[in-house]
Every structure is written in C-alpha cells, then in structure tokens.
Amino acid sequence: MIIRRYLVKQVVSTSLVVIALLTLIMMGGRLIKYFGVAAQGRLDAGILFSIIGYRLPEFLTLILPLGFFIGLMLVFGRLYVDHEMAVLNGSGVSRNQLGRLLIPMTVVFLAVQAVLMLWMAPWGVRQFEQLTTSQAVRTGFDLVRPKEFISSGPYTIYAGDLSEDRKNLKDIFFYQRAEAEGKPDVMILAKEATRVEIENDPANVVDLVQGRRYEIYPGQPRYSQAEFQSYRLRLENDKEAKFESADVEALSTMKLWDNRNDPVVASELGWRIFVPFAIVVALLLAVALSEVSPRQGRYLKLFPALLIFASLIVALMAIKTRVSKEEMGIWAYPMILVIYAIAAALFSRKQKLAPKIKKTLQRAGS
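- By the naming in an unreviewed UniProt entry, the chain is Lipopolysaccharide export system permease protein LptF, taken from Acinetobacter johnsonii.
- In its Subcellular location (unreviewed entry) section, UniProt records this for the chain: "Cell inner membrane".
- Quoted verbatim from the Sequence similarities (unreviewed entry) field of UniProt, the annotation for the chain is "Belongs to the LptF/LptG family."

### Digging into the packing of helix H8 (residues 263–274) against helix H11 (residues 332–348)
Here comes step 1: Viewed as axis vectors pointing N to C, H8 and H11 meet at an angle of 35°, and their least axial separation amounts to 9 Å. Residues Ser267, Gly270, Trp271 and Phe274 of H8 lie in contact with H11, whose contacting residues are Tyr333, Pro334 and Leu337.
Here comes step 2: Taken together, the residues of the contact of H8 with H11 break down into five nonpolar, two polar and no charged.

### Quick word on the pattern of salt bridges
Here comes step 1: In this structure the tally under the stated criterion is ten salt bridges.
Here comes step 2: The closest approach of N and O atoms between Asp207 and Arg232, which form a salt bridge, is 2.8 Å. Linking Asp207 in strand E5 (residues 204–216) with Arg232 in strand E6 (residues 223–235), this pair joins segments that are 25 residues apart in sequence.
Here comes step 3: Judged by its relative accessible area of 49%, Arg232 is partly exposed.
Here comes step 4: For the salt bridge of Arg213 with Glu215, the shortest nitrogen-to-oxygen distance reads 2.9 Å.
Here comes step 5: Take Arg213: its relative accessible area is 21%, and that puts it in the partly exposed class.
Here comes step 6: A single salt-bridge network, built from bridges that share partners, covers Arg78, Asp82 and Glu84.

### Side note on helix H9 (residues 278–289)
Here comes step 1: Over its twelve residues, H9 extends 16 Å from the first C-alpha to the last, a length consistent with the 16 Å expected when each residue adds 1.5 Å.
Here comes step 2: Across the twelve residues of H9, ten count as buried, placing the element largely inside the fold.
Here comes step 3: Three or more residues of H9 are buried, namely Ala278, Ile279, Val281, Ala282, Leu283, Leu285, Ala286, Val287, Ala288 and Leu289.

### What to know about the environment of Tyr54
Here comes step 1: Relative to the elements of secondary structure, Tyr54 occurs in helix H2 (residues 48–81).
Here comes step 2: Residues Tyr54 and Val125, spaced 71 residues apart in sequence, show a C-alpha to C-alpha distance of 6.7 Å.
Here comes step 3: Among all residues touching Tyr54, those that are not within four sequence positions of it are Trp123, Gly124, Val125, Gln127, Phe128 and Leu131.

### Quick word on the packing of aromatic side chains
Here comes step 1: Within the structure shown, the criterion is met by seven aromatic pairs.
Here comes step 2: Seen from their ring centres, Tyr54 and Trp123 are 5.7 Å apart, and the 80° between their planes marks the pair as edge-to-face. Here the residue Tyr54 occupies a position in helix H2, and Trp123 occupies one in helix H5 (residues 103–135), the gap between them amounting to 69 residues.
Here comes step 3: Judged by relative accessible area, which is 25%, Tyr54 ranks as partly exposed.
Here comes step 4: Measuring from ring centre to ring centre gives 4.7 Å for Phe69 and Phe309, while their planes differ by 10°; the resulting arrangement is stacked. Highlighted residues: Phe69 in helix H2 and Phe309 in helix H10 (residues 302–324), separated in sequence by 240 residues. Neither Phe69 nor Phe309 differs from the other in exposure class; each is buried.
Here comes step 5: An aromatic cluster is defined as three or more aromatic residues linked by ring pairs; in this entry it consists of Phe149, Tyr158 and Phe173.
Here comes step 6: We note Arg222 situated over the ring of Tyr217; from NZ or CZ to the ring centre the distance is 3.9 Å.
Here comes step 7: Lying across the ring of Trp271, Lys320 places its NZ or CZ 5.1 Å from the centre.

### Here we look at the nonpolar core
Here comes step 1: Core analysis: the largest hydrophobic core is formed by 65 residues, its most contacted members being Leu98 and Leu312.
Here comes step 2: Among the elements that line this core, the one with the most residues is H2, at 16 residues.
Here comes step 3: Apart from residues lying up to four places away in sequence, Leu312 is in contact with Ala278, Val281, Ile336, Leu337 and Tyr340.
Here comes step 4: One finds Tyr155, Ala159, Ile172 and Leu208 within the second-largest nonpolar core, a separate group that totals 17 residues.

### Notes on the environment of Phe277
Here comes step 1: Mapped onto the secondary structure, Phe277 falls in the loop between H8 and H9.
Here comes step 2: In this structure Phe277 comes out as partly exposed when scored by relative accessible area, which is 39%.
Here comes step 3: It is 9.4 Å that separates the C-alpha atoms of Phe277 and Val107, two residues lying 170 residues apart in sequence.
Here comes step 4: Look past the residues within four positions of Phe277 in its chain and what remains in contact with it is Leu110 and Leu337.

Conventions we followed
Residues numbered from 1 in each chain as written. Predicted model: local features only at pLDDT ≥ 70, side-chain atom pairs only at ≥ 80, totals over all residues. Heavy atoms only, no water. UniProt positions renumbered as here; feature names shortened; annotations may be inferred. Axes fitted to C-alpha atoms, helices over the stretch in contact; angles between N-to-C directions. Helix = DSSP H or I, 4+ residues; strand = E, 2+ residues; numbered from the N terminus. Contact = heavy atoms within 4.5 Å. Nonpolar A, V, L, I, M, F, W, Y, C, P; charged D, E, K, R; others polar. Salt bridge = Lys/Arg side-chain N within 4 Å of Asp/Glu carboxyl O. Buried < 20%, exposed > 50% of the residue type's maximum accessible area, 1.4 Å probe, protein only. Expected span 1.5 Å × (residues − 1). Phe/Tyr/Trp six-rings, centres within 6.5 Å; stacked < 30°, edge-to-face > 60°. Lys NZ or Arg CZ within 6 Å of the ring centre and 35° of its normal. Core = buried A, V, L, I, M, F, W, Y, C linked by side-chain atoms within 4.5 Å.

So this is what it looks like as structure tokens:
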C-alpha cells in the first residue's frame, strides 16, 4: 500500500536520525567521563572505544523507545501541519487507520528492542566487566607520574623519576592514611624502588631501598621512626576505583529465569520482558497526542507528549526498584503498560467525547 510505504519510510528515517542523535549525546558524555579517568592514568586509553562499544546495547534499550516515539510525533505532526492529514481524512483514512498501518513496523521495532534487552545488553555488560577486570582500573604505583603527587584511595605517592617500563622509581615519597581510628598514618621515604611482578596477585608490590618509615598518630605528639636498607611494600588495589555494575544485569535471561523466585532477579526479568512493549504504547500515544492545527506547528505538543512518555519509562524504573524490594510483584509491569495504553485510547477519543460532553452540559444548564 502506497500510504503505508510512505509512512514507514518517514517514521523509520526520522526515528533513526533521532536515535543516532540521542546515542551521540549520551555516549559522548560517557566517553568524556572515561577520557577523564584515562587522563588520570587509571584506565588504559586503548580500551576506551571497546568499553563504549560494549555499553552501547545497554544505552540503546532506553534510547530506542524514546527515539521511536519522537520520530512518530514528528512525522504525524508534519502530516497535520502540511495538510496531508486533512487530505487523508478527506479520502476516508483516519489517523487511527494510519496507526494500524504502522503496526507491522512497530512489531519490527519491538523485536529489535526485545533482542537488545534479552540478549545484547546482558552480553555487553558481561564483556564490559571482563574487559575492565582483565585490564584493571589502575591504582597505587600504576598511577605514578614523575615529580607529581598522586592520590589513590588512602595513598599519596610521589616519585622524582620513573623508568619507561614503570618498574624503577627514584626519590620515593609514600603516605598512607590510617584505615581505622587510633591507628597510625604511615609515611615512607626511600631513594629507589623496584616493581615486583607476582603471578595471580592483583596488588602492587615494590621493593624499597635505603629509606625511612614513620608511623604518625594524627592529633598526637607521638610518632615512631625506623630506617631500612630494604623494605617490601604491598598496596592493595582500591576497590572503589573499579567499574562495577549490578551482577544481575550481567546475567543471561535463562539464568534469570532459573532464579526467578529471587526478588532482585524477578525485577530484572520483568524489566527485560515487559519494557519492549513500551514500543507499542509509544505508537498509541503518538497517534493520540500528535494532532495539531497547521497554525500551531508540529512541535507544539512534542514536549508535553515527551513528558508523558518519559513518565512511563520512569514509572517502569520505579516498579523495578519496588519489585526488587518485594513491595510489588512482577504483575506491576504489564499493569502500568495497560494503564498508559488506556490513557492513550482516551486521548484518542477526546475529539469525539468533548462535543458530546459540551452538549450534555448545555442541556443540563437549560
């Protein structure tokens, strides 16, 4: 059908442009964050784009429904502004019929969204975790830059010189804050240090040569001092510096199903199964909310409609949190989708209902 091909072409092209723009904005912000981490020396710059690639499916799970909805709103709004909708209505084609013509395309978008949520996004999270675990977010002596004070967790480190392979350091200053109250801070001064590679040990280990070790009690006139010819220092990696995601988000859908009795797992499983149907609600809302007069312009109702659709996503996120806390059951996901679908149907019938209500009120008044 010519009308269907025309609409599908317009909606798909517009939606893809919006999705690409939203992806660029969101991933750009994330990339800037990772660049900042890499600039501090805590992350290998060579894996930045791999990280972004693995996180992309996760971001698309939210961007795709939003981009599809905006694309629908823009296309239907243009039909009204350019009087194309008036011509179609005059030919016996209503806006609801136009919405039905877009059902096959909507099913394709729903299928893509389901693939992203059920398989691609969890796979990307798992690959992201494996990459960051193998590369490691660098801490301790990995951060050292010559003649700069570097802080990482409770450590402050300074080296006057550093070899190219980062294994030999000179003129070392090391300061470690106490982990518990009443324990002393530790300060170490040494002429040289050599990195020691220990297999299957994620900690930073260095052998310090010719130095002094001080134990200082903050707020007290008390300290101890010891000289050494050789001293081995072991720094545990800073756990707070690692990139972490909820374990349940990285689980495959089959594993979630096998452990669906757990509330946290149930919340994630419901999220993956029911959120793709927001694509269908997007079609219903767009058909109902896109009507504008040519004088108003097609962007008049875009922002209010966008707030309504965004409230659906926020509501689904809130339900996910409630289900994980056992305050709601998984049934809440389809319930909220049905509520918004009913609201869309009411919005769609407002033109027919408003005149009837007005006449009824006038008769009652007379």
